[in-house]
Amino acid sequence: MNPVIKHIFRFILFILIQVFVLNTIPPLHQFIVPYLYFLFILWLPIGINRVALLLVAFLFGLSLDYFTGTPGLHASPCVLIAYLRPFLLQLLLAQETAEAGYKEPGHATMGWVPYITYAGILSLIHHICLVLIEWLQFGDFFYFIGKVTGTTAISLLMILIAELLIPRKEASRAGK
């Protein structure tokens, strides 16, 4: 499949899953709200141009904001994690792995520990930014920490399940 068509399909699929499935689930607890949409940004190709990455992340977040009626709430965290993503990948990937031209970050290309670290750090940053913008105040610090922790935990669990269930054909870390 053409990579551009594959990413357009993912763009639409992640928006639809977030809007019509995950957003209709009542909050699991006052702290836990399931978010999976930003996995689209995490799965973009490693070698994507940084300007293109930021633009795609902005359009993706803005598209979700359009469907949810929350202008800028999701676009801002998406752009933030898209900005930080290349730096984190550079830290987590060995030089020879980054130069080998792997297409997408994943457990097959990075290994489980670096991939979980990558997804966990970007999930945490995304949720801190999202909850902070949504909340717009530091009234109860423990509520803020609880919501960020709970939302990050459920999102990371859903990312790992998606990583296991959604087949992505990539070269393995060992070069197979």
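Residues numbered from 1 in each chain as written. Predicted model: local features only at pLDDT ≥ 70, side-chain atom pairs only at ≥ 80, totals over all residues. Heavy atoms only, no water.

## Here we look at the overall build of the protein
Basically, it comes down to this: Strands here mean DSSP runs of E at least two residues long; helices mean DSSP runs of H or I at least four residues long; both are numbered from the N terminus. Accessible area is worked out with a 1.4 Å probe on protein chains only. A residue is then buried under 20% of its type maximum, exposed over 50%, and partly exposed in between. Two residues qualify as a contact provided that any one of their heavy atoms is within 4.5 Å of a heavy atom in the partner residue. Per-residue and other accessible areas follow the Shrake-Rupley method at a 1.4 Å probe size, with only the shown protein chains counted as cover for residues.
Check the secondary structure of the protein and you find eight helices and zero strands. Residue burial in the protein is summarised as follows: out of 176 residues, 43% are buried. Within the protein, counting contacts between residues at least 6 apart in sequence, those at least 24 apart form 75% of the total. Here the protein displays about 9,500 Å² of accessible surface, and carbon together with sulfur accounts for 72% of that area.

## What to know about the environment of Leu-156
With respect to the secondary-structure elements, Leu-156 resides in helix H8 (residues 141–165). Put simply, Leu-156 and Gly-120 are 36 residues apart on the chain and 6.3 Å apart in space, counted from C-alpha to C-alpha. Contacts of Leu-156, omitting those with residues within four sequence positions, involve Ile-116, Ala-119 and Gly-120.

## Points about a nonpolar patch on the surface
Test applied: Only residues above 30% relative accessible area that lack a salt bridge enter a patch, with like-charged residues linked at up to 9 Å and the nonpolar side chains Val, Leu, Ile, Met, Phe, Trp and Tyr linked at up to 5 Å. Salt-bridge detection follows one rule: a side-chain nitrogen of Lys or Arg within 4 Å of a carboxyl oxygen of Asp or Glu.
Taken together, the side chains of Val-4, Ile-8, Ile-12, Leu-16, Phe-20, Val-21, Ile-25 and Leu-28 present a nonpolar region at the surface, about 720 Å² in accessible area. Looking at where Ile-8 falls in the secondary structure, it is placed in helix H1 (residues 3–20).

## Focus on the pattern of salt bridges
Throughout the structure, instances matching the rule amount to three salt bridges. Two residues, Lys-6 and Glu-104, come together in a salt bridge whose shortest N-O distance is 2.9 Å. Of this pair, Lys-6 sits in helix H1 while Glu-104 is found in the loop between helix H5 (95–99) and helix H6 (107–110), placing the two residues 98 residues apart along the sequence. We classify Lys-6 as partly exposed; its relative accessible area is 23%. Between Glu-134 and Lys-147 there is a salt bridge; the shortest N-O distance is 3.4 Å. Of this pair, Glu-134 sits in helix H7 (residues 112–135) while Lys-147 sits in helix H8; the two residues are 13 residues apart in sequence, bridging distant segments of the chain. Residue classification places Glu-134 among the partly exposed residues on the basis of a relative accessible area of 40%.

## Things to note about the confidence of the model for the protein
Inclusion rule: pLDDT is defined as a per-residue confidence score from the predictor, taking values between 0 and 100.
Of all residues in the protein, 89% have pLDDT values of 70 or greater, and the mean over the chain is 87. The model gives residues 171–176 a pLDDT under 50, and that stretch makes 13 contacts with residues more than four places away or in other chains.

## Quick word on the packing of H7 against H8
Going by this rule: Orientation is described by axes fitted as lines to C-alpha atoms, over the contacting stretch for helices, and by angles from 0 to 180 degrees between their N-to-C directions. Angle categories: roughly parallel below 35 degrees, roughly antiparallel above 145, roughly perpendicular from 65 to 115, and oblique for all the rest. For any pair of crossing helices, the crossing counts as left-handed if the nearer helix is rotated counterclockwise from the farther one by less than a right angle, and right-handed if it is rotated clockwise. Polar here means any residue outside two lists: the nonpolar Ala, Val, Leu, Ile, Met, Phe, Trp, Tyr, Cys and Pro, and the charged Asp, Glu, Lys and Arg; Gly therefore counts as polar.
Direction vectors running N to C along H7 and H8 enclose 140°, while the axes themselves pass 8 Å from each other. As the angle between them shows, H7 and H8 are arranged oblique. Seen from above, H7 lies across H8 with right-handed handedness. The residue makeup of the contact of H7 with H8, split by class, is 17 nonpolar, six polar and three charged.

## Here's the deal with H1
Selection rule: Given a helix with a known number of residues, its expected span is that number minus one, times 1.5 Å. Identification of polar contacts relies on pairs of N or O atoms within 3.5 Å, with a donor-acceptor requirement for protein atoms, meaning one able to donate a hydrogen and the other able to accept it, and with residues adjacent in sequence counted only if both atoms are side-chain atoms.
Given a rise of 1.5 Å per residue, 18 residues ought to cover 26 Å, and the 25 Å separating the end C-alpha atoms of H1 matches this to within 8%. The secondary structure elements touched by the buried residues of H1 are helix H2 (39–42) and helix H3 (50–68). The N-capping residue of H1, defined by a side-chain oxygen 3.2 Å from the backbone nitrogen of Val-4, is Asn-2.

## Description of the packing of H3 against helix H4 (residues 75–92)
Where H3 meets H4, the axes come as close as 7 Å, and the angle between the chain directions of the two elements is 155°. Here H3 lies roughly antiparallel to H4, going by the angle between them. Where H3 crosses over H4, the two elements pack in a sense that is right-handed. Counting all contacts with H3, which are made through Arg-50, Leu-53, Leu-54, Ala-57, Phe-58, Phe-60, Gly-61, Leu-62 and Asp-65, the residues of H4 involved are Ala-75, Cys-78, Val-79, Ala-82, Tyr-83, Arg-85, Pro-86 and Phe-87.

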